[in-house]
Amino acid sequence: MTTISTTKMMTTTMMVQLVMVLTAAISLGVDGTPLKLTPKLDKTSVNYTVVEGRTAILPCIVHDLGTHKVKVVWMDQWQTVLTFNEDRIIDDPRINVARTNDVEWNLKFDRVKYGDQGVYACQVNTTPALSQVVMLTVVVPPSITSEIPGDMVTVKEGKTATLTCNATGIPRPKVTWYRQPGLNDLHPSDSLSESCDHTSSTSRIGQAGEVLVIHNVTRHCGGKYDCVADNGVPPEVRKTIQVKVRFVPEVRLANKRMGQSLGRDTILECTVSGYPQVLTLWKFQGNPIVGDSKKYKIEIYEHPDGLDTISMNLFIYNITKDDYGLYVCVSSNGEGMSKQTMELYQYVEKTKAPVITSPTTTTTTTTVSRHIIPKTFRPSDSKRFPNTKKNLHKGNQFRGRLAIGNRRGHHHDRTELVDTKYGPHTKPAEASIRAGEGNSCRHEPSFILSAVVSLGLTLLWRRH
């Protein structure tokens, strides 16, 4: 084991010595003098882009210096010497030579400016001289300057509004226009239309450019507009311009007529849109109404949809007859005046109609009785009355029927109904009335008729 280890150590030592000999031979010429290596640059041309304000490092890497006493110089495009080896020549503290190892001779710019853009050269004092060219490009993020005082544009309705957004940057920025949510969307076309419709989200309007022109402005075109500048160098920037449209107030009433009972309270609602808003009030019988009293109270608050809109509510307490009439909501500004009229009238609650019950129907029953005439037939009557025996048993019944019946002998019992509401009416009796039961009913006409018939039969009987 010891012999093997010793052999390996000798072999390794010999290899190291061989490498050293070969290296020395390469560095020496034929006559044994050291060889001179020719320095060379890593690249001959470099393009370098940086954003303004950041740090720029222009590369310069020199290889194979050997024992050469190198001298590296940085110059700009006007052949001005900036640095010599590691020393700065010009009086600009932002410029220095940055070295992280023996082969690097980089030129460093702190907080680079757009004016630093140009061509720079790194030269090495060899024969012939070595030179590397670096093209420095400085890009500038976009910025916006506005010539509009207070970033607000005021225009009269029907006129033209011009919004300007001056954008700068390298490369030149592209400017687009947007409208913030809650404003009114313009007609869907590449150019702005005469009307503005509502939208609930930010949308692009018009064509790209630094100037936005709105022709024939309406009250619905007022609001906030954003111009956005972008040139591909982050970040993009935007500016907001407020547009105010001057127009005659517009008065709207929730109801044209309002009814309320005496002694009650009520609220009259009035919504007013206009810019600028100078005066808004309620009038009754030509006189302005003063709020915060026992009779009236006025509340004013901004409308949720914005657009220079307010709501003015009039509270009327403990209504009397003197409170009924015409109320006028009036609003005026420098552009004109507008008003709307509402009528407050007395509301009379309708009472419920009484429940009508059917009156009790009174029924009066009149019974036509069969009047029985007691009479005994004599045997001689059989000559004048055939079938006397046959009719003997039915004689009384026959005479009774004759007394109250018609000539055919058909008997009809009748019942009269008297309705206290509609008067008497007649209908056939539901039940027949037997002879002999009518004595308890008073019916004088029937009794007289029966007596007359009985008397006539008696006289006839005696004659025969």
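Residues numbered from 1 in each chain as written. Predicted model: local features only at pLDDT ≥ 70, side-chain atom pairs only at ≥ 80, totals over all residues. Heavy atoms only, no water.

### Considerations on the packing of aromatic side chains
Scanning the entire structure with this criterion turns up 2 aromatic pairs. Each ring, one from Phe109 and one from Tyr120, has its centre 5.3 Å from the other, and the planes form 65°; the classification is edge-to-face. Residue Phe109 is located in strand β9 (residues 106–109), and its partner Tyr120 is located in strand β10 (residues 118–124); the two are separated by 11 residues in the primary sequence. Take Phe109 and Tyr120: they sit in the same class, and that class is buried. Ring geometry for Phe284 against Tyr327: centres 4.2 Å apart, planes inclined by 15°, an arrangement best described as stacked. Here Tyr327 lies in strand β28 (residues 325–333) and Phe284 lies in strand β24 (residues 279–284), a separation of 43 residues in the sequence. Across the pair, Tyr327 and Phe284 agree in class, each one buried. (Phe/Tyr/Trp six-rings, centres within 6.5 Å; stacked < 30°, edge-to-face > 60°. Helix = DSSP H or I, 4+ residues; strand = E, 2+ residues; numbered from the N terminus. Buried < 20%, exposed > 50% of the residue type's maximum accessible area, 1.4 Å probe, protein only.)

### Regarding the environment of Tyr48
Looking at the element boundaries, Tyr48 is found in strand β2 (residues 45–51). Linking Tyr48 and Met135, residues 87 residues apart in sequence, is a C-alpha distance of 5.9 Å. Ignoring anything within four residues of it in the chain, the contact list for Tyr48 reads Thr55, Ala56, Ile57, Leu58, Val134, Met135, Leu136 and Thr137. Within the local environment of Tyr48, its side chain forms a polar contact with the backbone nitrogen of Ile57, the two atoms lying 3.5 Å apart. (Contact = heavy atoms within 4.5 Å. Polar contact = N/O pair within 3.5 Å; in protein donor to acceptor, adjacent residues only side chain to side chain.)

### Observations concerning the sheet that holds β24
Spatially, the 5 strands line up as an open sheet ordered β22-β29-β28-β24-β25, and their pairing is mixed. Each edge of the open sheet carries a strand with a single partner, namely β22 (257–260) and β25 (287–288). With 9 bridges joining them, β28 and strand β29 (residues 336–346) adopt antiparallel strand pairing. Each residue of the ladder has a partner; that of Gly325, found in β29, is Leu344. (Pairing = 2+ DSSP bridges.)

### Some words on the confidence of the model for the protein chain
Looking at the protein chain as a whole, its pLDDT mean stands at 75, while 63% of the residues score no less than 70. Within the protein chain, strand β30 (residues 414–419) has the poorest average pLDDT of any element, 34, and β9 the best, 97. Scored below 50 in pLDDT, residues 18–30 shows 8 contacts in the model against residues more than four places distant or in partner chains. Note that pLDDT drops below 50 for residues 363–444; the model gives that stretch 80 contacts with residues more than four away or on any other chain. (pLDDT = per-residue confidence, 0-100.)

### Some words on the pattern of salt bridges
Applying the stated criterion across every chain, the model contains 16 salt bridges. For Arg94, the salt bridge goes to Asp116, with nearest N and O atoms at 2.9 Å. Residue Arg94 is found in the loop between β7 (87–88) and β8 (95–98), and its partner Asp116 is found in the loop between β9 and β10; the two are separated by 22 residues along the sequence. We classify Arg94 as buried; its relative accessible area is 8%. (Salt bridge = Lys/Arg side-chain N within 4 Å of Asp/Glu carboxyl O.)

### Some words on the pairing of β28
Side chains on a regular strand alternate between the two faces of the sheet. Two strands pair when backbone bridges link them, and β24 and β28 are joined in this way by 6 bridges, in the antiparallel orientation. Opposite Leu281, over in β28, you have Val330 as the bridge partner. Hairpin geometry of β28 and β29 is characterised by an intervening segment of 2 residues between the two adjacent antiparallel strands.

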